[in-house]
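What the coordinates show
Chain by chain, the residues:
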Amino acid sequence: MRVSNLLNDARIILRDNFGYGAQSFSDSELLTYCNRAMDFCADLSASCNPVTKALSLASGTLQKLPANGGRILGFLHNDLDAKSRFKIGVMTYKGKTAAREMDMDSLIAQNPNWAGAAPSPISLYVMFDPLSPKEFVVYPSNDGSGKLLVRYTERPAPLIDTTEDFPLGAEFREACVNLIMYYALTRDGEDTENSARAKDF
């Protein structure tokens, strides 16, 4: 499905598809709205453009998705050399050790000084709050050389031409058309009638 199909749907509803005279909305403007709509879908829906990728971890406990990340879906395992060995406390772990999800209260109950543990390349536990879907916390603190395989939604690359294929699944077509309509109708803030129509979308 081409992006032009979505934009044409929006133009029909906007009555901006007449074959004569100037159009109220340019293709580039509607493409901007479409890009914003796709980002919104990736941020909101767990089924929108899911990927599984190795993320390089930053130094410290707090970790974030890349700029094009939407929302975290889950964690698999560390993505270090399988032959590597890492000692944490009295235990030794391999480079592909699974990172187990744990809630923060449980970690604090077991280890009140968890944030003061010596940094390591490997992550044993991951704390994640769905209310903050773009970041997570690792234990022990990472030394900046770790990698973790993470499942998350990814914002698609911005569209630059109407001839491109729509990068999301067909189930997101209507959602994007409705969001395009919302953005288009709220463009002229002083138009009370359009503002009312925008709320419907």
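In this numbering scheme, every chain counts its residues from 1 along its sequence in written order. Reporting of local features is limited, given that this is a predicted model, to residues whose pLDDT is at least 70; pairs of side-chain atoms are given and counted only at 80 or more, and all residues count toward the totals for whole chains, interfaces and linings. As a convention, hydrogens and water are excluded, and side-chain values are obtained from all of the structure's heavy atoms.

1. Looking at the overall build of the protein chain
Our working rule: Each helix is a run of DSSP H or I of at least 4 residues and each strand a run of E of at least 2, with the numbering of both proceeding from the N terminus. Think of it in three bands: residues with accessible area under 20% of the maximum for their type are buried, residues over 50% are exposed, and the middle band is partly exposed, with areas taken using a 1.4 Å probe on protein chains only. Contacts are assigned to residue pairs with any non-hydrogen atoms lying within 4.5 Å of each other.
The number of helices and strands found in the protein chain is five helices and nine strands. In the protein chain, the succession of helices and strands from N to C terminus is α-α-β-β-β-β-β-β-α-β-β-β-α-α. Burial analysis of the protein chain (201 residues in total) assigns 39% to the buried set. Across the protein chain, every contact between residues at least 6 apart in sequence was considered, and the portion connecting residues at least 24 apart equals 69%.

2. Some thoughts on the pairing of strand β8 (residues 135–143)
Rules: Pairs of strands are assigned from DSSP output, requiring at least two bridges between the strands.
Extensive coverage of β8 is indicated by the burial of seven of its nine residues. Of the pairings in the sheet, the one linking strand β7 (residues 125–127) to β8 comprises three bridges and is antiparallel in character. Residue pairing across strands places M127 opposite V137, the latter belonging to β8.

3. Side note on the packing of helix α1 (residues 3–14) against helix α4 (residues 173–185)
Which entries qualify depends on this criterion: Each axis is a line fitted through C-alpha atoms, and for a helix only the stretch in contact is used; angles between axes span 0 to 180 degrees, taken between their N-to-C directions. Roughly parallel here means an angle under 35 degrees, roughly antiparallel means over 145, roughly perpendicular means 65 to 115, and every remaining angle is called oblique. Left-handed is the label given to a crossing in which the near helix is rotated counterclockwise from the far helix by less than a right angle, and right-handed is the label when the rotation is clockwise. Under the grouping applied here, Gly and all other residues not named as nonpolar or charged are polar, the nonpolar ones being Ala, Val, Leu, Ile, Met, Phe, Trp, Tyr, Cys and Pro and the charged ones Asp, Glu, Lys and Arg.
Remark: α1 packs on α4, axes separated minimally by 9 Å, with the N-to-C direction vectors making an angle of 50 degrees. The angle between α1 and α4 falls in the class oblique. Classified by chirality, the crossing of α4 by α1 is right-handed. Along the contact surface, α1 presents N5, L6, L7, D9, A10, I13 and L14, while α4 presents R173, C176, V177, I180, M181, A184 and L185. In terms of residue class, the contact of α1 with α4 is built from eleven nonpolar, one polar and two charged.

4. Some words on the sheet that holds β8
The sheet built from four strands is open, its strands ordered β2-β8-β7-β6 with mixed pairing. A strand with exactly one partner marks an edge of an open sheet, and here the two such strands are β2 (59–64) and β6 (100–101). As defined by bridge partners, β2 adjoins β8 across five bridges and the pair is classed as antiparallel. Of the residues in β8, the one forming a bridge with K64 is E135.

5. Digging into the sheet that holds strand β9 (residues 147–154)
The strand order across the open sheet formed by three strands is β1-β9-β3, and the pairing between neighbours is antiparallel. Edge positions in the sheet fall to β1 (50–56) and β3 (69–78), since each has one partner strand and no second. Shown here is a sheet whose adjacent strand axes are inclined to one another by a mean of 30 degrees, direction ignored. Bridge count for β3 against β9 is five bridges, and the pairing is antiparallel. Each bridged residue has a counterpart across the sheet, and for G69 the counterpart in β9 is E154.

6. Focus on the pattern of salt bridges
Under the convention used in this document: We count a salt bridge whenever a side-chain nitrogen from Lys or Arg sits within 4 Å of a carboxyl oxygen from Asp or Glu.
Applying the stated rule across the entire model yields nine salt bridges. The salt bridge involving D165 is made with R2; its shortest N-O contact spans 3.3 Å. Residue D165 is located in the loop between β9 and α4, and its partner R2 is located in the segment before α1; the two are separated by 163 residues in the primary sequence. Of the residues examined, D165 reaches a relative accessible area of 52% and is grouped as exposed. Taking the shortest distance from any N to any O, the salt bridge between D79 and K96 comes out at 2.9 Å. Within this pair, whereas D79 is found in the loop between β3 and β4 (85–88), its partner K96 is found in the loop between β5 (91–94) and β6, the two being separated by 17 residues in sequence. Here K96 falls in the partly exposed class, since its relative accessible area comes to 37%. Here the salt bridges do not stand alone but share partners, grouping D39, D43, K134 and R155 into one network.

7. Comments concerning the packing of α1 against helix α2 (residues 27–44)
Axis separation between α1 and α2 bottoms out at 11 Å; the angle between their running directions is 100 degrees. Put simply, α1 runs roughly perpendicular to α2. Residues V3, L6, L7 and R11 of α1 form the contact with α2, whose participating residues are D27, L30, L31 and C34. Here the contact of α1 with α2 is composed, by residue class, of six nonpolar, no polar and two charged.

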